[in-house]
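Chains, contacts and geometry: an overview
Chain residues, written in single-letter form:
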Amino acid sequence: MEQGKIAEKKSKNTYVYYIVGCLCLLAVIGACGFWLVPKPTSSRPIAVFDMRAVLVKMPQYQRLLHLYAEEEKMQQEADAFKPLLPRPTPLPHAQGILNAKRTENDVQTSQQVAQVEADLKAKYTSLEKQYAAKKANAWQNIRNKYKNALFNYSLKLQNADNLHLSPTDITKIEQEQKHLQESELQEKALVDKALDEEFLLEFTKYKEAQVSKLQADIKSTMQKNLLVANAEHAKWQEDNIKMVQAQLQAMDTQKQQMQTLRQALQAKKSEIQSLETAMIKEVQGLAEQLAVQNKYSAVITIQNDPLTPLDVAYPSYIITNKKQCVDITQMLIDKISR
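Residues numbered from 1 in each chain as written. Predicted model: local features only at pLDDT ≥ 70, side-chain atom pairs only at ≥ 80, totals over all residues. Heavy atoms only, no water.

**A word on the overall build of the protein chain**
- Along its length, the protein chain carries nine helices and three strands.
- Listing every helix and strand of the protein chain by position from the N terminus yields α-α-β-α-α-α-α-β-α-α-β-α.
- Put simply, the protein chain has 338 residues, and 29% of those count as buried.
- As presented, the protein chain carries roughly 22,500 Å² of accessible surface, and 56% of it is formed by carbon and sulfur atoms. (Helix = DSSP H or I, 4+ residues; strand = E, 2+ residues; numbered from the N terminus. Buried < 20%, exposed > 50% of the residue type's maximum accessible area, 1.4 Å probe, protein only. Areas by Shrake-Rupley, 256 points an atom, 1.4 Å probe, with all protein chains shown as cover.)

Laid out in structure tokens, this is it:
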């Protein structure tokens, strides 16, 4: 009851540390088992005390609660500690840079080819009009050349009766007219052929010049893109090395932080264990003194957990021999409180 009242007066956090401390002490005391000074003899009384009830009254107990709280906080920090960085991940591979430049180069090449095709089409149309005009002018000159002669032949044939032309004369005139017409057609054909060849030659020269320029432009573009890709590749390598180094350094720092935290936690556990051991030994020493002073045949440590039934918490020997048992818990508390 007294321990319950003291616990109710503590703050919420202190109560939690108190409970944690009690559980830890129960584990320590449980590891100790029953502490016996020689085996009980016939009529001499047996000293029995609640180790936990004595420990919580010791001056060092507040220090122990403080250590428990620190350990709990450090354990939570250790459990919550997680690497902030993943394993080093390289930047996009340089092949991606080269592929991007190839795609860009393909787009530029397609645009350049389309432009040249448009230029060639416009040039062909322009030359067609130009040579069509040349042909029309040449044909007009040829027609003028044969016009009068053909007109005279036609006029004679139309006036054959007036001119008293014989059939032989008419046949001869028709043959000469036909020959002259064929000469005109042949001359026009030769002009057409010459102009067509001139047209083709001029367009071919222009096309070859444009294609040659296009090839040079494409080659220049590819070289420029290759230079850019190589520069970006070099920068990618440099950035990748820096990034990996930075990530590895960060991971090393985190490992060192985790190691430091674990070492501090282990040191805190050792400090708690040392204090617990020292407190238990002090209580055992006082119990031995009382045993010698009062001539007890044995000293038995029990764990008086309020939630545990008495016949479970106390050894069967004590339940059977209650009359021989003397509870020295309060005597020990009085001793340590002086």
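There is more to say after this.
**Examining the sheet that holds strand S3 (residues 325-327)**
- One open sheet accounts for three strands, arranged S2-S1-S3; its pairing is parallel. Both edges of this open sheet fall to strand S2 (298-302) and S3, since each of them pairs with a single strand only. With direction set aside, neighbouring strand axes in the sheet form an average angle of 30 degrees.
- Where strand S1 (residues 46-50) lies against S3, three bridges are found, and the strand directions are parallel. (Pairing = 2+ DSSP bridges. Axes fitted to C-alpha atoms, helices over the stretch in contact; angles between N-to-C directions.)

**Brief notes about the packing of helix H6 (residues 167-294) against helix H9 (residues 329-337)**
- Remark: H6 packs on H9, axes separated minimally by 10 Å, with the N-to-C direction vectors making an angle of 115 degrees. Seen from above, H6 lies across H9 with right-handed handedness. Facing H6, whose interface residues are Val-283, Leu-286, Ala-287, Gln-289, Leu-290 and Asn-294, H9 presents Met-331, Leu-332, Lys-335 and Ile-336.
- When its residues are assigned to classes, the contact of H6 with H9 shows seven nonpolar, two polar and one charged. (Left-handed = near helix turned anticlockwise from the far one by under 90°. Contact = heavy atoms within 4.5 Å. Nonpolar A, V, L, I, M, F, W, Y, C, P; charged D, E, K, R; others polar.)

**Details of H9**
- Those residues of H9 that fall on the buried side of the exposure criterion are Thr-329, Leu-332, Ile-333 and Ile-336. Buried residues of H9, viewed axially, fall in a sector of 100 degrees; they line one side.
- In this structure, the buried side of H9 is in contact with S1, helix H3 (51-55), H6 and S3. (Arc of directions from axis to C-beta.)

**Here's the deal with the pairing of S1**
- For S1, the buried fraction is high: five of the five residues fall into the buried class.
- Every second residue of S1 is oriented toward a common face, with Ile-46, Val-48 and Asp-50 on one face and Ala-47 and Phe-49 on the other, all of them buried.
- When S1 meets S2, the two strands line up parallel, connected through five bridges. Counted as the bridge partner of Phe-49 is Thr-301 from S2.

**Digging into the pattern of salt bridges**
- Evaluation of the coordinates by the stated rule reveals 10 salt bridges.
- Between Glu-198 and Lys-134 there is a salt bridge whose closest N-O contact spans 3.2 Å. Here Glu-198, found in helix H6, pairs with Lys-134, found in helix H5 (residues 94-158); they are 64 residues apart in sequence, far enough to count as distant.
- What makes Lys-134 partly exposed here is its relative accessible area of 32%.
- Put simply, Glu-238 and Lys-242 hold a salt bridge, and the shortest N to O gap is 3.2 Å. Linking Glu-238 with Lys-242, this pair stays in helix H6, spanning four residues, or about one helical turn.
- What makes Glu-238 partly exposed here is its relative accessible area of 43%.
- It is possible to trace a salt-bridge network through shared partners that takes in Arg-63, Glu-70, Lys-268 and Glu-271. (Salt bridge = Lys/Arg side-chain N within 4 Å of Asp/Glu carboxyl O.)

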